[in-house]
Each structure stands twice: as C-alpha cells, then as structure tokens.
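Descriptive analysis of the structure
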Amino acid sequence: MTGHATAVGENLIGGRAPRVLILYPNDERLAANAGAGAAVRTQLLKGTGGKIELFSEFLDLSRFPEEEYIERMAQFLAIKYADRRPDVVVALGEQSAKFIVEHRAALAGNARIIVAGFRSTRGKMDLPPDVIGAFSEFDIIKTAEFARHLHPNAERLFILGGSSEFDRWGMETAKTDLAEFSKNYVTTYLEDLTIEEFVAKAATLPSDSIVLALTIFKDRNGRNFLPHEAVKQIAATATAPVFGPYSIYIEYGSVGGNVVTFEALGNTAADLVLDAIHGKPIKDVQAPRFDVADARQLKRWGLSEENLPPGAVLMFRQPSFLEQHWLVAIIAFAVIAGQTTAIILLLLERRRRRTAELEARHRLLEVVHLNQSAMAGALSASIAHELNQPLGAIRSNAEAAAVVMKSACPDLKLIEQILADIRDDDQRAHDIISRMRGLLKKRSEIEWQEFDLNELTATAIKILKGEAARRGIEVSSKRGGDRLPVRADKIHVQQVILNIAINAMDAMAKTGKERKLTLETRLTKDAKAVLSISDSGDGIPEGKFATIFEPFYTTKSSGTGLGLSIARTIVETYGGSIMACNGRDGGAVFRVMFPLAQTETT
Ligand code: ADP
C-alpha cells in the first residue's frame with residue numbers, strides 16, 4: 001500500500017489540493033470528537049499552508065445505531081462524494097473507524113484511512129493492516145503516580161474494573177503493572193461487582209484512599225456501559241477521589257490521570273495524514289500522554305494545585321473574577337480611576353479655593369485694619385478733644401472739691417455731688433476710649449454676629465459727633481423702623497459708616513453752604529436694611545460714580561483712595577451692596593444695603 005500513499009502525495013500536490021474527509025461518530029456537540037476534529041483541521045491547514053480541501057461528516061451513530069440508517073448514510077455519502085472522492089479519511093473513534101472500514105469501497109475508493117482512538121480499538125476491531133492509527137496507550141502506572149502526587153497522604157488504593165473481556169484484560173494488566181506501586185498501600189482490587197455495588201462501595205471509602213478506575217464496559221450482571229458513564233455514577237457519590245487513565249473520564253467526575261488529550265490525539269492523527277499526503281510511509285503511532293487534572297475535582301477533594309506533577313495540565317480552572325470579567329473590570333477600573341482623579345482634583349480645587357478664600361479674608365482683615373488706623377488718625381483730633389471734656393471736668397470738679405474740703409465746715413452733700421460728677425465724667429471718658437478701642441482692635445477672624453443697624457448707626461454718630469462739631473457740621477439722623485437686624489462683623493460695618501461719613505465731612509470742607517451730614521436708615525419692601533449717608537457738599541462729578549470705588553482713586557492731596565474700595569469689599573463680604581449718587585440739593589448720597597437677618601424677619 002505504500003504505492004498508494006505515493007499516489008496521494010506528490011501527484012495530488014502537483015495537480016489539485018488533497019481532499020481529506022473527517023468522520024465524527026457523533027453530532028458536532030460532543031466535546032471529545034469536536035476537540036480531536038478541531039485539532040486535526042488546524043494541524044492540516046497549518047501543514048499544507050491552507051492548500052487542502054477538508055470535509056466533515058457527523059455520523060451521529062450513538063443516537064442512530066440502526067443498521068438501515070447506517071447503510072443509507074453510507075449510500076448518501078457515496079453519492080455525495082462521487083465526484084470528490086477523498087484521498088484520506090480520518091475516522092475519529094472506534095465507531096467511525098468501523099463505519100469507514102465497512103463502507104470504504106463505496107465511499108472512499110482508494111483513500112487512505114487513518115484512525116484516531118484507543119489502542120484497544122485496533123485489537124477489538126481487527127482493523128485491516130493498511131488502516132493506520134494514532135492510538136492512545138493504556139498506562140496505569142503513570143496515572144497511579146499522578147494520584148500519589150496529588151494525594152500524598154493516601155494509605156489505601158482501590159482499583160476497579162468491569163467484567164467485559166477488555167475490562168478483565170485491563171485489570172490483569174494493571175495488577176502486573178502496579179505490583180510494585182501497590183506495596184506502599186493497603187490495596188484492594190474491586191472486580192466482579194454490579195454497578196450498584198461499585199457505587200455503594202465507593203460511597204463508603206475512607207478519605208485517605210485513592211480510587212483508580214479502569215474500564216467498565218460491562219458489570220457483573222452483564223449490563224453494558226460506556227466506561228465514562230459508569231465512572232460518572234461511581235464518582236458522583238464517592239467518598240475518596242477517583243482517578244483514571246482516560247481523558248474522557250475527566251468530564252465525568254474523575255480528578256484526572258495520565259491521559260491522551262483529544263487535542264494530542266487529533267494532532268498525532270493529522271501528522272499521519274500529512275505524511276500520507278506527502279507520500280511518506282506511515283505506521284501506527286502512539287499519541288503523547290499528559291498529566292491532566294480537573295480543577296473542580298481538586299477543589300472538591302481539597303487537593304492542592306501545588307502538588308500537580310510538573311507539566312501537568314489543569315482543566316476547568318475557574319477563571320478569576322478579573323479573568324472572567326476583564327472588560328468590565330477594566331471599565332470599572334477606568335471609571336474608578338477617573339472618579340478618583342476627579343475627586344482628587346475637586347479636593348485640590350476646594351483646598352485651593354479655601355486657601356484662596358482664607359488668603360483673601362486675611363488680606364481683607366489686613367487692609368481693614370490699615371483703614372481702621374487711617375480712620376483713627378482722621379478722628380484723633382476730635383477724639384482728643386472729646387476726651388478733654390470729661391478729663392477737664394474731672395479736673396475742675398476735683399479742684400472744687402479741694403476748695404470745699406478746706407472750709408471750716410465742709411458741705412458733705414456738695415462733696416458727694418462733686419464726686420458723683422467725677423464718676424460720670426470718668427464713665428464718659430471710659431466710653432470714648434472703649435469705642436475707639438473697639439474700632440482699632442485688630443481681628444484675626446471675622447466675627448459674624450447679629451446686630452441692629454439702627455443701634456450701630458447711633459454709636460457711629462456718637463463717635464463722629466465730636467469731629468463734626470469741630471468742623472462745624474450738623475449731624476442729623478432718621479431711624480427707619482424699630483430694629484434693623486443684620487448679620488455681619490459689627491466693627492467692620494461701623495468702619496464703613498465712619499469711612500463714608502468722614503468722606504462726607506471732607507467733601508463739605510470748602511463749601512460755602514450749610515454743612516449738613518444726615519444718616520438715615522430704612523427697611524425696603526424686599527427685606528433690606530438700608531443706611532443712606534448724605535452731605536451738603538458739591539457731590540460726585542458726573543461719570544465718577546463707579547470710579548470712586550476703585551482702589552487708589554482719590555482727589556485728596558493726602559488721600560489713599562482705598563476707603564471706598566475697602567468699604568465695598570466689606571459690604572459685599574456680608575452679602576450687601578453699596579452705591580453712590582447725588583442728592584437733589586447737589587450733595588453726595590451713599591447707600592449701604594444689607595439683607596435683613598433671617599431669624600429676625602418673622
Ligand atoms: P480717599 O478718601 O482716600 O480719597 P476714598 O476711596 O474714600 O479715598 O474716596 C475716593 C474719592 O471719592 C475721594 O477722593 C473723593 O474724590 C470721592 N468722594 C468720596 N466721598 C465723597 C463725597 N461724599 N462727596 C464727593 N466726593 C466723594
């Protein structure tokens with residue numbers, strides 16, 4: 001048959017692409033066939049650079065084992081492939097092998113047949129010698145060693161096998177092969193049992209046991225099984241881990257073993273196909289074996305992944321959350337990172353704003369204090385004058401008292417009166433000083449407080465009175481309403497009033513008209529407390545109503561131009577507003593407006 005192989009090889013590659021038909025015994029969803037078939041296809045496409053025609057047929061023989069169906073299927077395929085006879089047929093598993101061997105004449109003509117399956121297939125089916133196979137060997141020792149690796153503390157070994165001829169052959173082989181290995185364990189061979197007995201026995205094993213499942217094609221009662229189905233029943237309720245030398249067991253409850261994977265089997269078969277296509281001689285080969293474990297079973301039995309022999313393949317490992325949901329995780333991470341960045345930026349911004357606010361407040365307090373000093377300077381002459389009055393009175397009263405005391409019969413009532421006057425004058429002096437001290441006090445923080453704008457205006461008038469008198473100015477006031485509660489720093493607002501009033505007095509310095517300073521408060525309909533300060537000076541030049549509030553704008557030789565700018569900053573700090581205009585009689589009018597304090601409005 002080597003001549004045949006040569007014909008398939010060079011001739012085909014020269015003329016047309018080789019045709020390979022892959023026969024699957026079941027439908028396409030069976031993992032075992034699909035895995036091997038996919039490996040064959042991939043390997044063939046790779047090995048021929050895509051210059052190959054691949055055909056697949058899913059025979060579905062397990063579900064349709066009837067002779068008639070099989071015959072009709074063969075006839076149908078013979079017609080289907082009449083003009084495209086395959087050069088090579090790859091039969092996956094025993095059933096496909098049997099099918100093609102029986103129908104090769106009608107279906108495949110001279111095609112080369114390559115089988116992928118277990119070694120037992122060849123023996124059982126008595127395949128013709130020109131049917132070559134990629135087979136998997138039965139090797140129980142490697143599986144036993146694999147089990148020992150994973151379950152190092154086990155003390156007992158149970159080997160179970162069925163009652164078919166093949167099962168018995170397997171069991172005999174195992175006994176010989178495991179003669180040495182089993183010496184380390186209390187070993188029991190479980191054979192000649194019914195499936196129920198196998199299941200019951202496995203369900204009572206001590207946990208320090210290793211179960212090696214060989215094949216169970218038949219039980220003692222003669223019931224037929226697919227070995228993996230029997231293993232499935234046994235492993236389901238077993239109380240010790242079950243190992244087996246067949247990869248298919250892994251999907252049915254076995255922890256694993258030294259097995260041929262479907263992929264390895266497929267690859268090996270594909271290598272044979274490629275050799276056949278290229279006209280090389282081929283013979284049966286053994287597919288490579290691997291230690292394969294089922295991660296789910298390791299977990300079930302508490303066996304550590306770390307005890308897997310080097311190079312072992314771990315199947316059905318649950319992907320970690322990250323592996324499973326990597327896209328979601330990346331998006332979530334990006335969102336969280338984005339949010340974190342945004343939060344950090346917002347915090348930084350908040351801090352920056354807070355720092356800026358603190359700095360601004362600090363600067364405000366600084367300039368306000370500077371302005372306080374300037375104002376105190378402006379008022380110092382009148383304050384000194386004001387203080388002089390009570391001090392002078394005290395002095396004259398003291399002198400008068402001394403005179404009375406020197407008399408032969410001092411009038412004690414008179415002395416009592418004089419002392420009372422001295423106390424009153426002292427109180428006046430004290431009041432003047434404490435008003436000034438309050439005005440000059442440097443603040444490190446704004447003191448929010450609720451106060452009555454009417455009362456504050458009255459205090460301001462007391463402070464100004466002396467200076468106004470000195471300058472020949474008549475001060476008058478009008479109260480709007482009983483109380484005008486405002487929330488702000490009282491001293492700052494008083495400073496605003498004094499600033500505007502001193503400016504007003506300055507503005508009347510050269511006027512020939514009667515000098516009048518009026519402070520008038522009122523409550524507006526929209527709940528605002530308003531203080532108007534008007535004078536009888538020449539007023540503000542047209543077009544300068546806004547300019548006068550700008551820093552450093554001054555028309556005075558010794559002015560700083562800061563008074564009104566500071567006044568506006570203060571008023572706005574407390575949510576108020578300030579504006580200037582000229583009154584009907586030509587003098588300037590300054591209006592300071594504050595929102596009425598909420599608590600007092602009801
Ligand atoms: P300064 O008093 O140091 O000049 P201000 O900011 O307090 O600084 O005032 C700015 C300017 O506004 C004054 O120089 C003056 O020209 C003008 N001004 C302020 N008040 C009045 C007023 N009552 N009448 C006319 N002009 C005024």
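Residues numbered from 1 in each chain as written. Predicted model: local features only at pLDDT ≥ 70, side-chain atom pairs only at ≥ 80, totals over all residues. Heavy atoms only, no water.

1. Description of the environment of Ser-382
By the secondary structure assignment, Ser-382 is in helix H13 (residues 326-406). The class for Ser-382 is buried, based on a relative accessible area of 0%. Distance from Ser-382 to Gln-95, taken between C-alpha atoms, is 123 Å for residues 287 residues apart in sequence. If we skip the residues at most four places from it in the chain, Ser-382 touches Gly-466, Glu-467 and Arg-470. (Helix = DSSP H or I, 4+ residues; strand = E, 2+ residues; numbered from the N terminus. Buried < 20%, exposed > 50% of the residue type's maximum accessible area, 1.4 Å probe, protein only. Contact = heavy atoms within 4.5 Å.)

2. A short note on helix H10 (residues 262-277)
With 16 residues, H10 ought to run about 22 Å at 1.5 Å a step, and its terminal C-alpha atoms sit 22 Å apart, in line with that. If you check which residues of H10 are buried, you get Ala-264, Leu-265, Gly-266, Thr-268, Ala-269, Ala-270, Leu-272, Val-273, Leu-274, Ala-276 and Ile-277. Positive phi shows up at Gly-279, right after H10, with a value of about 75°. (Expected span 1.5 Å × (residues − 1).)

3. Re the nonpolar core
Ranked by size, the top nonpolar core spans 55 residues in total, and within it Leu-453, Val-493, Ile-497, Leu-498, Ile-500, Leu-517 and Phe-590 carry the most contacts. At nine residues, helix H16 (residues 490-507) tops the list of elements feeding residues into this core. Leaving out residues up to four positions away in the same chain, Leu-453 has contacts with Leu-484, Val-486, Val-493, Ala-529, Val-530 and Leu-531. (Core = buried A, V, L, I, M, F, W, Y, C linked by side-chain atoms within 4.5 Å.)

4. So, the pattern of salt bridges
Considering all chains together, one arrives at 25 salt bridges under this definition. The salt bridge partner of Lys-175 is Glu-172, with a shortest N-O separation of 4.0 Å. Remark: Glu-172 and Lys-175 occur in helix H7 (residues 165-177); sequence separation between them is three residues, near one turn of the helix. On the basis of relative accessibility, which here comes to 26%, the residue Lys-175 falls in the partly exposed class. (Salt bridge = Lys/Arg side-chain N within 4 Å of Asp/Glu carboxyl O.)

5. Here's the deal with the pairing of strand S8 (residues 209-213)
Residues in a regular strand project their side chains so that they alternate between the two faces of the sheet. For S8, the tally of buried residues reaches five of five residues, placing the bulk of the element in the interior. Here S8 shows no split at all, with Ser-209, Val-211 and Ala-213 on one side and Ile-210 and Leu-212 on the other all buried. As paired strands, strand S6 (residues 156-160) and S8 are joined by five bridges and run parallel to one another. Bridge pairing in S8 places Leu-157 opposite Ile-210. Inspection of the sheet shows S8 paired to strand S9 (residues 242-243) by two bridges, in the parallel sense. Across the sheet, the residue bridging to Val-211 is Val-242, located in S9. Taken together, S8, helix H9 (residues 227-237) and S9 form a β-α-β motif whose crossover is right-handed. (Pairing = 2+ DSSP bridges. Right-handed = clockwise from strand over helix to strand, strands pointing away.)

6. Observations regarding a nonpolar patch on the surface
Taken together, the side chains of Trp-326, Leu-327, Ile-330, Ile-331 and Val-335 make up a nonpolar region of the molecular surface, amounting to roughly 510 Å² of accessible area. Topologically, Leu-327 is positioned in helix H13. (Patch = residues over 30% accessible without salt bridge, like charges linked within 9 Å, V, L, I, M, F, W, Y side chains within 5 Å. Areas by Shrake-Rupley, 256 points an atom, 1.4 Å probe, with all protein chains shown as cover.)

7. Considerations on unusual backbone geometry
You will see that Asp-192, though not glycine, has its phi angle at about 55°, which is positive. Position of Asp-192 among the secondary structure elements: in the loop between strand S7 (186-190) and helix H8 (195-202). Residue Asp-192 is classed as partly exposed on the basis of its relative accessible area, which comes to 32%. Backbone geometry at Phe-552 places phi at a positive 70°, although glycine is not the residue there.

8. Section: the packing of helix H3 (residues 67-80) against helix H4 (residues 93-107)
Across the interface, H3 lies against H4 with an axial gap of 9 Å and an inter-helix angle of 40°. Considering their axes alone, H3 and H4 lie oblique with respect to each other. As for how H3 packs across H4, the hand of that crossing is right-handed. Contacts from Ile-70, Glu-71, Met-73, Ala-74, Leu-77 and Ala-78 in H3 reach Phe-99, His-103, Ala-106 and Leu-107 in H4. (Axes fitted to C-alpha atoms, helices over the stretch in contact; angles between N-to-C directions. Parallel < 35°, antiparallel > 145°, perpendicular 65-115°, else oblique. Left-handed = near helix turned anticlockwise from the far one by under 90°.)

9. Points about the packing of helix H15 (residues 453-470) against H16
Where H15 contacts H16, the axes come no closer than 10 Å and their chain directions differ by 40°. The pairing of H15 with H16 is recorded here as oblique in orientation. Between H15 and H16 lies a crossing whose hand is right-handed. Contact with H15, carried on its side by Leu-453, Leu-456, Thr-457, Thr-459, Ala-460, Ile-463, Leu-464, Glu-467 and Ala-468, involves Lys-490, Val-493, Gln-494, Ile-497, Leu-498, Ala-501, Ile-502 and Met-505 of H16 and no other residues of that element.

10. Let's talk about the packing of aromatic side chains
Overall, the coordinates contain eight aromatic pairs when judged by the stated rule. Summarising the aromatic geometry, the rings of Phe-146 and Phe-243 are spaced 6.2 Å apart at their centres and angled 80° between planes, so their arrangement reads as edge-to-face. Here Phe-243 lies in strand S9 and Phe-146 lies in helix H6 (residues 140-150), a separation of 97 residues in the sequence. Taking relative accessible area as the criterion, Phe-243 reaches 0% and is therefore assigned buried. Between Tyr-246 and Tyr-249, the ring centres sit 5.2 Å apart and the planes meet at 70°, which makes this aromatic pair edge-to-face. The class for Tyr-249 is buried, based on a relative accessible area of 1%. It is Lys-175 that lies over the ring of Tyr-189; its NZ or CZ is 5.3 Å from the centre. (Phe/Tyr/Trp six-rings, centres within 6.5 Å; stacked < 30°, edge-to-face > 60°. Lys NZ or Arg CZ within 6 Å of the ring centre and 35° of its normal.)

11. Side note on the site of the ligand
Close to the ligand lie 19 residues; Asn-503, Thr-554, Thr-555, Lys-556 and Thr-560 are nearest. Between Lys-556 and the ligand, the recorded distance is 2.7 Å, taken from a side-chain N or O atom to an oxygen atom. Between the ligand and Gly-561 there is a distance of 2.9 Å, counted from an oxygen atom to a backbone nitrogen or oxygen. Notes on the ligand: free accessible area 530 Å², of which the protein chains cover 92%. Of all the secondary-structure elements, those providing two or more residues to the shell around the ligand are H16, helix H17 (563-573) and strand S20 (588-595). Here the element with the most residues in the shell around the ligand is H16; it accounts for three residues. Partitioning the shell around the ligand into residue classes produces nine nonpolar, eight polar and two charged. (Near = heavy atom within 4 Å. Polar contact = N/O pair within 3.5 Å; in protein donor to acceptor, adjacent residues only side chain to side chain. Nonpolar A, V, L, I, M, F, W, Y, C, P; charged D, E, K, R; others polar.)

12. Considerations on the sheet that holds strand S18 (residues 528-535)
Sheet architecture is open: five strands sit in the order S15-S17-S18-S20-S19, paired in mixed fashion. Here the strands that pair on one side only, and so sit at the sheet edges, are strand S15 (474-478) and strand S19 (577-582). On average, adjacent strands in this sheet sit at an angle of 15° to one another, irrespective of strand direction. Of the pairings in the sheet, the one linking S18 to S20 comprises seven bridges and is antiparallel in character. Considered in S20, the bridge of Ile-533 is made with Phe-590. Across the face of the sheet, H16 comes into contact with strand S17 (516-523), S18, S19 and S20 while running at roughly 25° to S18.

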